[in-house]
Amino acid sequence: MPCTAKTHDEWLKAVTDWRTERRIRVGYDGSRYDLPALQWAQSSFIQPQMMVHDRYFYDPVVGKYTVDRYLDDLKKRYGGIDAVLIWATYPNMGIDNRNQQDMVRSMPGGVEGLRNMAEDFHRRGVKVLFPIMMWDQGTRDPGKPWPQATAEFMEEIGADGINGDTQDGVPLAFSLAAEKVGHPLAFEPENGPSDEALAWNVLTWGQYKFQFAPMVDKYRWLETRHQVNIQGRWNRDKTDDLQYAFFNGEGWESWENVWGIWNQVTPRDAEATRRMATMERGVAPFLVSPGWEPLYPMHRYGIFSSRWPLNGQTVWTIVNRNEYDVQGRQMTIQFEQGTRYFDLYHGVELTPEKEGSDAILSFPIESHGYGMILATVGEPSAAMHELMGTMKSMTESKLPSFSHEWKTLPQSIVEIASTKPASATPEAMIKIPGGNYLFRVEGIEVEGSDDVGVDVQYPWEDTPRRFHEHPMKLKAFDMDKYPVTNAEFKKFLDATHYHPGNDLNFLKDWSNGTYPEGWDNKPVTWVSIEDARAYATWAGKRLPHEWEWQFAAQGTDGRTYPWGDRWDDKAVPQPDLGRAMRGPDNVDAHPSGASPFGVMDMVGNVWQWTDEYVDEHTRGGILRGGSYYKPQGSIWYFPQAYRNDNHGKLLMMAPSYDRSGALGFRCVKDAE
């Protein structure tokens, strides 16, 4: 049944009364929305969460931030962004005791590099947010309250806002701390805050379930200056997200790199984003109007609109929820002499039909499409003319003509060159005979379910996926009996004077060019995969493929652990559950942990580098064996993979970031 003007007026009065009372009940204070430092958030309509591992953001080959390349790609594909949430923590955090800020500080260039990178975004008009994780209570203690630590660090690197991961409202203490250091921040909780907390959380993620008729966003209704970015990271069709956002005059979280799992928007959704964002940016002052009138009556089934009055002019944001085009008479407006009407979506002026005291507007709306109407007295502003010109050109191609097909991003393995074959097993290595092997393994990613795109794509697979099984015939090889130790790595340094170009966190446990006293027989850690490859090349060896590592640990009987099918506490180091890492055990401390071939220290001491996989956006290192370090208090820390049929995938960015106090390596050598 269509909504009449009378029923709409009654409904509007009721929800307005509710808002008035609600503001009284929570003692609402909207003064933070007046702060100049936070007003950018009110017109921040498109904000991706960007993984720092994205190769469009950082080029690992040349070792530089490539902010322009990242932004140019988004500009080309869906019209660009207004803010970016830069994500350096989960899912890697917890592999060692670096806390959430340490993970950010590990990015290339340290604090200076971060500050310069943020300035690169600012130069392009893009605001910068970082996340906070209050679940991060098991890694290094920051030594001061988190609100203070956060405020000081964000001021240091020039960030503009904070996303509160898993938080249903970032506490007021964080805003007060930011204001105390003279650097106000826009706070954006992941989950819905209390109504009172809208006073200091000027942004929010909207993670909603959608109905055919778009619902009114409560947060926007309570405070029209509050910006909501609709977020549906796993959705492959973004129509609901975008239409809900446009109806409510709010933004969208254009998140595609979801923990290294690529969920790219389709060409149709990208084009819809470009059109929606172009219009919202063009009329941004209207979309904070306190006179917002949601669900303005429309003539046709499935067409919904919001009315946004401002200074004698009015804009309507309109969505077509039908899967068919709707043309003809769409809406009735009270006729006012001298008022002109414009279809901003198509960039043309409309001629109203006058019926008594009403003006009837007719215009087309595409299936699952968008519309925007402007009513103004006299000539529209130059900015409006420019917007109409842009939209007229943009909408020459109908939105449904763009493909809505979703595609998986393929991965490839980084080749590992063979070594010179050994005619006899070298010293300190174990001969692993070749033979038939059924390689079965699964990734242990916390999120992603069993969707295509999760984990890795082996060379014999056509897509990335979590669960893998493949029969293969392995050639014989030799494997280091133990992980490479500090003493062995020092011999490499003394012989080659190797020093990486990006040396942040390189051998972080060492000082004055050597390891701590008594650490000679512990596995070397804080080495990147590049450092490990350099050592292997010097030693005439190479890193193992993952299936070689697993075969050496598992043998031919498919056992669960190197020593058998039952967990044995004596075969591995005692787990370190603290916030400071005590260091790994000596590599020969647990002889009962030997594999069927006699390879030692494969599980539970330090993770070990094996293969690397790449796709267009992300690099991932496959880690085997798990480690002794297990930070406590959260399910979100990097999970362990002690079982022979489990592996970890570390999202890689750059050596400084990839190095870890719980990650070492061992080498192999091809055999004749």
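Residues numbered from 1 in each chain as written. Predicted model: local features only at pLDDT ≥ 70, side-chain atom pairs only at ≥ 80, totals over all residues. Heavy atoms only, no water.

- If you check an unreviewed UniProt entry, the protein appears there as Formylglycine-generating enzyme required for sulfatase activity from Tunturiibacter empetritectus.

1. Focus on the nonpolar core
Logical step 1: Phe57, Tyr70, Met107, Met117 and Phe121 are the most contacted members of the largest nonpolar core, which totals 109 residues.
Logical step 2: For this core, the leading source of residues is helix α5 (residues 146-157), giving six residues.
Logical step 3: Viewed by domain, this core spans two of them, domain 1 (35-207) and domain 2 (417-670), each represented by three or more residues.
Logical step 4: For Phe57, the residues in contact, after removing those within four places along its chain, are Met50, Val52, Lys64, Tyr65, Thr66, Val67, Tyr70, Met107, Met117, Phe121 and Met653.
Logical step 5: By size, the runner-up hydrophobic cluster in this structure holds 28 residues, among which are Val441, Phe477, Met479 and Val603. (Core = buried A, V, L, I, M, F, W, Y, C linked by side-chain atoms within 4.5 Å. Buried < 20%, exposed > 50% of the residue type's maximum accessible area, 1.4 Å probe, protein only. Helix = DSSP H or I, 4+ residues; strand = E, 2+ residues; numbered from the N terminus. Domains from an automatic or database assignment. Contact = heavy atoms within 4.5 Å.)

2. Notes on helix α9 (residues 267-282)
Logical step 1: The end-to-end C-alpha distance of α9, which contains 16 residues, comes to 22 Å, matching closely the 22 Å that a straight helix rising 1.5 Å per residue would cover.
Logical step 2: Burial analysis of α9 places 13 of its 16 residues in the buried class, the great majority of the element. (Expected span 1.5 Å × (residues − 1).)

3. Re helix α11 (residues 486-496)
Logical step 1: Turning to α11, its buried residues number three or more, namely Asn486, Phe489, Phe492 and Leu493. Across the axial projection of α11, the buried residues extend over an arc of 115°, all falling on one side. In α11, the exposed residues that point more than 90 degrees away from the buried face are Lys491 and Ala495.
Logical step 2: Here the buried face of α11 lies against α12 (529-538).
Logical step 3: Just beyond α11, the residue with positive phi is His497, at close to 55°. (Arc of directions from axis to C-beta.)

4. Remarks on the sheet that holds strand β13 (residues 293-294)
Logical step 1: Strand order across the open sheet formed by six strands is β13-β14-β15-β21-β17-β18, with antiparallel pairing between neighbours. Among the strands making up the open sheet, the edge pair consists of β13 and β18 (348-350).
Logical step 2: Here five bridges tie strand β17 (residues 339-343) to strand β21 (residues 370-377), and the two strands are oriented antiparallel to one another. Opposite Asp343, over in β21, you have Ile373 as the bridge partner.
Logical step 3: Sitting on the sheet, helix α8 (residues 239-247) touches β13, β14 (303-310), β15 (313-320) and β21, and the angle it makes with β15 is about 160°. (Pairing = 2+ DSSP bridges. Axes fitted to C-alpha atoms, helices over the stretch in contact; angles between N-to-C directions.)

5. Section: the pairing of strand β20 (residues 358-362)
Logical step 1: Here five bridges tie strand β16 (residues 329-334) to β20, and the two strands are oriented antiparallel to one another. Paired with Arg329 across the bridge in β20 is Ser362.
Logical step 2: The pairing of strand β19 (residues 353-355) with β20 spans three bridges and is classified as antiparallel. Among the inter-strand pairings, Glu355 is bridged to a residue of β20, identified as Asp358.

6. Quick notes on unusual backbone geometry
Logical step 1: Across the junction of Tyr90 and Pro91, the peptide omega takes the value 5°, indicating a cis bond.
Logical step 2: Inspection of the secondary structure puts Pro91 in the loop between β4 (83-87) and α3 (100-105).
Logical step 3: Its identity as a non-glycine residue notwithstanding, His368 has a phi of 50°, on the positive side.
Logical step 4: Note that His368 resides in the loop between β20 and β21.
Logical step 5: His368 sits in the partly exposed class, given a relative accessible area of 26%.

7. Topic: the environment of Ala671
Logical step 1: Among the structural elements, Ala671 can be located in the segment after β31 (668-670).
Logical step 2: Assessed through its relative accessible area of 16%, Ala671 is described here as buried.
Logical step 3: In sequence terms Ala671 and Ser423 are 248 residues apart; their C-alpha atoms lie 6.4 Å from each other.
Logical step 4: Among residues more than four places away in sequence, those in contact with Ala671 are Pro421, Ala422, Lys431, Ala476, Phe477 and Asp478.

8. Comments concerning a nonpolar patch on the surface
Logical step 1: Residues Phe212, Tyr301 and Tyr324 make up a contiguous nonpolar surface patch of about 360 Å² in total accessible area.
Logical step 2: Structurally, the position occupied by Tyr324 is in the loop between β15 and β16. (Patch = residues over 30% accessible without salt bridge, like charges linked within 9 Å, V, L, I, M, F, W, Y side chains within 5 Å. Areas by Shrake-Rupley, 256 points an atom, 1.4 Å probe, with all protein chains shown as cover. Salt bridge = Lys/Arg side-chain N within 4 Å of Asp/Glu carboxyl O.)

9. Some thoughts on the side chain of Lys238
Logical step 1: The residue Lys238 is located in the loop between β9 (227-230) and α8 in this model.
Logical step 2: No salt bridge is formed by the buried Lys238; its nearest oppositely charged neighbour, Asp241, is found at 5.7 Å.
Logical step 3: A polar side-chain atom of Lys238 sits 3.0 Å from the main-chain carbonyl oxygen of Gly232.
Logical step 4: In contact with Lys238, other than residues within four places in its own chain, are Gly232, Arg233, Trp252, Asn263, Val265 and Asp269. (Lys, Arg positive; Asp, Glu negative; His and termini not counted. Polar contact = N/O pair within 3.5 Å; in protein donor to acceptor, adjacent residues only side chain to side chain.)

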